[in-house]
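# A look at the structure
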Amino acid sequence: MNASIHPNRPDGRTNMPDINECQICGAPAPPIPGQSDGVAGYRLIRDPWSATPSFLDGNLHFSCLEESGKSSDFYAEFTRMTQAGHEEIESLDGSPPPLTRMGLAMTQIFSGAECTVFQSGVSDRWMVVKRTGPWFRLSHEDLLNIGRGQVPRSAAEVIPYRLPVDLGNEIGEYGLHEMLDALGVADRYAPESELEGIEYEYVDYYPPKLLLEYAVRAPLSIPREAHAFLADYIESYIPVSFEDEEDV
């Protein structure tokens, strides 16, 4: 399958971006925790891959992010948003009025060679952000598991994803690797042997809208330095609340 390419990418093609595609390579990017995730446009994170000023709005393959020469620029933008509350930033062309960014209002509690760790000030939520770009959301239960020496796993959730093409009703019989392979993006994700550790379940498919719904629960391979820090951190942590943090 030929991947569509976003405007201002290196090949110069100019079709409109699709939030369901990777904003770096333009190929389909079904969200899989720890391997692909999305950035909401209202976070006002500047797009380092665009030749003209623009804000990111859509999914990213973490493999593309880590291989990109702009990953450090993304890290700087993303971590600024993570720590920001509601703040005014300049519009893309510098014209008034300024725009209001909706940040996550988190506080940095660890900085290491591979990653930084942020904590929410209003709920029991954390974010681990690798310096190469990928990020991982963690809950209080995740930190308790880290304290037990276990690998944290993402919460089980149903994810809606609009397919670029109709894969037919047989999609209900696909496993995760088969679904990614049918979309031509298996190489953007972990090898098939590693995907076996992810709990994947087909939920529903609505052909008129090409809307696939699937449930997934995946191990989160955070850097060892973050795992070690959080294992110590959770021993004296006093829970705040169990409210959900807003999606990035």
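Residues numbered from 1 in each chain as written. Predicted model: local features only at pLDDT ≥ 70, side-chain atom pairs only at ≥ 80, totals over all residues. Heavy atoms only, no water.

## Remarks on the sheet that holds strand 9 (residues 157-162)
Quick reminder of the rule: DSSP-based pairing: two strands are paired if at least 2 bridges between them are found. Only runs of H or I of at least four residues qualify as helices and only runs of E of at least two qualify as strands under DSSP, and these elements are numbered from the N terminus. Structural elements are reduced to axes, namely lines fitted to C-alpha atoms, with helices fitted over the stretch in contact, and the angle between N-to-C directions of any two is expressed from 0 to 180 degrees.
One open sheet accounts for three strands, arranged 9-11-10; its pairing is antiparallel. Looking at which strands have only one partner, the edges of the open sheet turn out to be strand 9 and strand 10 (199-206). In this sheet, adjacent strand axes meet at a mean angle of 25° when their direction is disregarded. Across seven bridges, strand 10 lies against strand 11 (residues 211-217) in antiparallel orientation. Along strand 11, the bridge assignment pairs Tyr206 with Leu211.

## A look at the pairing of strand 7 (residues 125-130)
Rules: To sort residues, take the accessible area from a 1.4 Å probe on protein chains only and compare it with the maximum for the residue type: under 20% means buried, over 50% means exposed, and anything in between is partly exposed.
Burial runs high along strand 7: five of the six residues are buried. Alignment of strand 6 (residues 115-120) against strand 7, held across five bridges, turns out to be antiparallel. From the neighbouring strand, Val117 faces strand 7, where its bridge partner is Val128. Where strand 7 lies against strand 8 (residues 135-139), five bridges are found, and the strand directions are antiparallel. Paired with Arg125 across the strands is Ser139, a residue of strand 8. Linking two consecutive strands that pair antiparallel, namely strand 7 and strand 8, is a turn of four residues; a positive phi of about 120° is found at Gly133 within it.

## Here we look at a negative patch on the surface
How we decide: Exposure above 30% relative accessible area and the absence of a salt bridge qualify a residue for a patch, where like charges join within 9 Å and nonpolar side chains (Val, Leu, Ile, Met, Phe, Trp, Tyr) within 5 Å. To be clear on the numbers: accessible area is Shrake-Rupley with a 1.4 Å probe, and residue cover counts the displayed protein chains and nothing else. By convention in these notes, a salt bridge is any Lys or Arg side-chain nitrogen within 4 Å of a carboxyl oxygen on Asp or Glu. None of His or the chain ends enter the tally, which takes Lys and Arg as positive and Asp and Glu as negative. For this purpose, a charge sits on NZ of Lys, CZ of Arg, CG of Asp or CD of Glu.
On the surface, Glu178, Asp181, Glu192 and Glu196 cluster together into a patch of negative charge. Here Glu192 is to be found in helix 5 (residues 192-195).

## Overview of the sheet that holds strand 6
Defined as follows: The contact rule is simple, with two residues in contact once any of their heavy atoms fall within 4.5 Å.
The strand order across the open sheet built from four strands is 5-6-7-8, with neighbouring strands paired in antiparallel fashion. The open sheet is flanked by strand 5 (106-111) and strand 8, the only strands paired with a single partner. Direction aside, neighbouring strands of the sheet carry axes that sit 25° apart on average. Sheet strands touched by helix 6 (residues 224-233): strand 5, strand 6, strand 7 and strand 8. Its angle to strand 6, the strand with the most contacts, is close to 35°.

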